[in-house]
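# Understanding the architecture of this molecule
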Amino acid sequence: MKIFFLVTTLLAALLADLLIGNFGFSVSLTTGTLLYFCGSFGSKHTLLAAVAAGVFLDMCYARPEAFSAAVLLTATAAGMYFIPAREYRNSLIRSLPVGAAAEGVFVLANAAAISCIWGKTGYPSGIPAHLMTAMLFGMLCFPGLTILLDTIAATLNLPRYLVSAPEDILPQNNPLDDVPVETASRRRRRK
Amino acid sequence: MPEENSKKKSTLLHIAALLVMVLLVMAVYHAVRPGAGRLTADFFYPYLRVSRMAVNTVSDQTLLSFSRMELAAKLEQQQKVNTLLAFQAAAASELLRENQALRRYLGIKAPENWNYITAEVMLRDPLLWLEHFTITRGRNDGIKQGDAVLDISEDGIPILVGVIGSCGKHNSEVMTVYNPDFCFSAGIGQERLIGFVNAGGRQGSDGRIPVGYLSSADTPVIGSAVFTTGFEQHIPGGIKIGELERVEEVNPLFATAGRASGLIRPSFNPNRLRFVIIARREQETGRP
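Throughout what follows, the structure given in this document is the object of discussion. Residue positions are given per chain, counted from 1 along the sequence in the order it is written. Chains and ligands are labelled sequentially in the order written, the chains with letters from A and the ligands with numbers from 1. Where totals are concerned, whole chains, interfaces and linings use all residues; where local detail is concerned, this predicted model gives features only for residues with pLDDT of at least 70, and gives and counts side-chain atom pairs only at 80 or more.

Let us now look at the overall build of chain B. Secondary structure assignment for chain B yields 4 helices and 12 strands. Here a residue counts as buried when 20 or more other C-beta atoms sit within 10 Å of its C-beta, as exposed when there are 12 or fewer, and as partly exposed otherwise, the C-beta atoms being derived from the backbone. Each of the 288 residues in chain B was classed as buried or not, and the buried ones make up 31%. Each residue gets a C-beta atom placed from its backbone, and two residues are in contact if those atoms lie within 7 Å. Of all intrachain contacts in chain B linking residues separated by at least 6 positions in sequence, the fraction that spans at least 24 positions is 57%. Put simply, DSSP marks the helices as runs of H or I at least four residues long and the strands as runs of E at least two long, and each gets a number from the N terminus on.

See the structure below:
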């Protein structure tokens with residue numbers, strides 16, 4: 001279920017990126033989604049997913065060089081640095097810098113990659129203007145994405161990014177764990 | 001302490017493994033890209049098409065936001081343009097007939113005709129917005145690598161957008177005139193002075209494309225229209241590329257003396273691109 005959720009959500013985020021890209025805006029919902037997975041499921045699978053998503057994006061755009069894998073990886077790693085520890089993840093305000101940092105690094109890494117490969121910036125309106133827009137987008141988008149994905153994760157009974165109750169923060173002993181489970185065979189034996 | 005060390009080592013190993021993986025991905029991608037890119041686009045065709053459908057819906061809704069009076073005025077204006085174009089087409093076909101008759105009398109071979117196929121723009125790359133895009137026609141529609149891609153300017157003149165860079169079954173990648181890898185010959189002004197677009201000592205900048213190897217003996221007039229020459233097998237001649245904006249001689253110390261270079265302002269507007277026309281030689285399509 002976890003893999004299904006990850007793949008479906010990532011494909012939806014990539015589709016949204018392609019859709020926004022068709023209007024000429026280079027912002028990444030995929031980075032936000034990857035950061036959500038990083039917070040919920042751990043970093044190892046997320047970083048692999050970042051590489052796969054980057055290659056997929058480059059193939060869809062038929063780009064001459066594959067640089068999106070490195071860019072997504074860098075942006076996700078930068079966002080991961082700002083993800084608070086699990087016990088502090090109880091407010092959406094704490095996720096604002098995560099999205100902003102990831103989008104900011106995404107723009108800078110893209111500009112650096114394009115500059116290295118083709119000798120130009122890739123942002124006709126200028127990097128500072130785009131950087132500000134992207135950071136603002138990330139700041140607003142990541143909390144929204146967190147709410148949406150948390151709702152789906154709760155429905156699917158998967159780990160969530162935000163912790164809204166103390167039992168989500170600290171693993172507590174369930175008193176019912178000690179009660180022996182009444183199975184049909186036991187009931188028969190007792191009879 | 002040893003536990004901490006092993007944890008650090010493990011993290012470093014993971015980072016190194018990821019970096020190696022990214023480098024490998026970049027290298028493999030470079031090798032398999034010509035086929036893989038189009039294969040992906042073919043396989044994910046419906047998925048990619050969805051993103052375009054959303055854009056088209058927004059575009060259509062914007063058109064519907066005009067009032068009825070405004071739409072009627074635009075329709076009327078379009079009808080006038082269509083009438084003018086019909087007259088021009090009739091005059092051109094008369095000239096063509098006359099040209100064919102004269103060629104027959106003089107025993108000159110008739111030039112090859114071109115067939116045109118329309119295609120819709122499917123995917124635009126936000127980072128390489130000017131350089132390339134994907135269209136909804138591929139090998140199944142008879143498109144081949146190198147075919148010319150044209151558009152019509154606002155005043156009804158055909159303009160060169162680029163050429164087909166790579167071809168899939170259902171879609172193709174178009175290399176535009178802004179792409180530095182697309183070099184082709186161009187004729188400048190009425191005299192058709194020959195130069196080569198995206199070649200020479202200059203770099204394109206700010207929506208301008210370089211033209212090089214111009215003869216410095218015949219200085220072209222600034223503002224002259226630049227057309228395709230027809231020297232390339234797949235690009236029809238006489239298609240407008242843009243206007244010459246600047247001519248500057250390259251420093252003879254660093255380049256071949258006697259050759260000048262300049263900048264062209266392309267007529268193709270990448271921001272209003274939705275449909276394009278692909279030109280194919282009649283011979284290739286198998287039609288008489």
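There's plenty left to go through after this.
Each partner contributes to the interface: chain B provides 30 residues, whereas chain A provides 26 residues. A total of 12 residues in the side of chain B that touches chain A trace back to one element, the largest contributor, which is helix α1 (residues 2-43) of chain B.

Attention now moves to the environment of Gly 104 of chain A. Residue and element names in this part refer to chain A. Its location among the elements puts Gly 104 in helix α5 (residues 96-118). Between the C-alpha atom of Gly 104 and that of Leu 136, which follows or precedes it by 32 residues, the distance is 9.0 Å. Setting aside residues no more than four positions away along its own chain, Gly 104 makes contact with Leu 131, Ala 134 and Met 135.

Residues and elements named next belong to chain A. Look at helix α4 (residues 68-82): 21 Å from first C-alpha to last across 15 residues, which is about the 21 Å you get at 1.5 Å a residue. The element α4 is extensively covered by neighbouring structure, given that 12 of its 15 residues are classed as buried. Taken as a whole, α4 has its buried residues at Ser 68, Ala 69, Ala 70, Val 71, Leu 72, Leu 73, Thr 74, Ala 75, Thr 76, Ala 77, Ala 78 and Gly 79. Expected helix span is taken as 1.5 Å per residue step, with the number of steps being one fewer than the number of residues.

To continue, consider the pairing of strand β7 (residues 193-197) of chain B. All names here are of chain B. Looking at chain direction, strand β6 (residues 184-188) and β7 are connected through 5 bridges and run antiparallel. By the bridge assignment for β7, Gly 187 is matched with Ile 194. Two strands qualify as a pair provided DSSP detects at least 2 bridges between them. Counting the residues in the hairpin turn of β6 and β7 gives 4 residues, including Gly 189, whose phi is positive at 70 degrees. Direction of pairing for β7 relative to strand β8 (residues 209-215): antiparallel, over a ladder of 2 bridges. Considered in β8, the bridge of Phe 196 is made with Gly 212.

Helix length check: helix α1 (residues 2-22) of chain A, at 21 residues, gives a terminal C-alpha distance of 30 Å against a target of 30 Å (1.5 Å per residue), a fit within 8%. Along α1 of chain A, the residues that are buried comprise Leu 6, Thr 9, Leu 10, Ala 13, Leu 14, Asp 17, Leu 18, Gly 21 and Asn 22 of chain A. Buried-residue contacts for α1 of chain A involve α2 (29-41), α3 (43-61) and α6 (127-155) of chain A together with α2 (45-64) and β1 (114-124) of chain B.

Moving on, we get to the pairing of strand β12 (residues 275-281) of chain B. Residue and element names in this part refer to chain B. Residues Val 276, Ile 278 and Arg 280 point to one face of β12 and are all buried, whereas Phe 275, Ile 277, Ala 279 and Arg 281, pointing to the other face, are not buried. Where β1 and β12 come together, 7 bridges link them in antiparallel fashion. Bridge pairing links Ile 117 to Ile 278 in β12. Here strand β3 (residues 148-152) pairs with β12 via 3 bridges, running antiparallel. Across the sheet, Leu 150 pairs through a bridge with Ile 277, a residue of β12.

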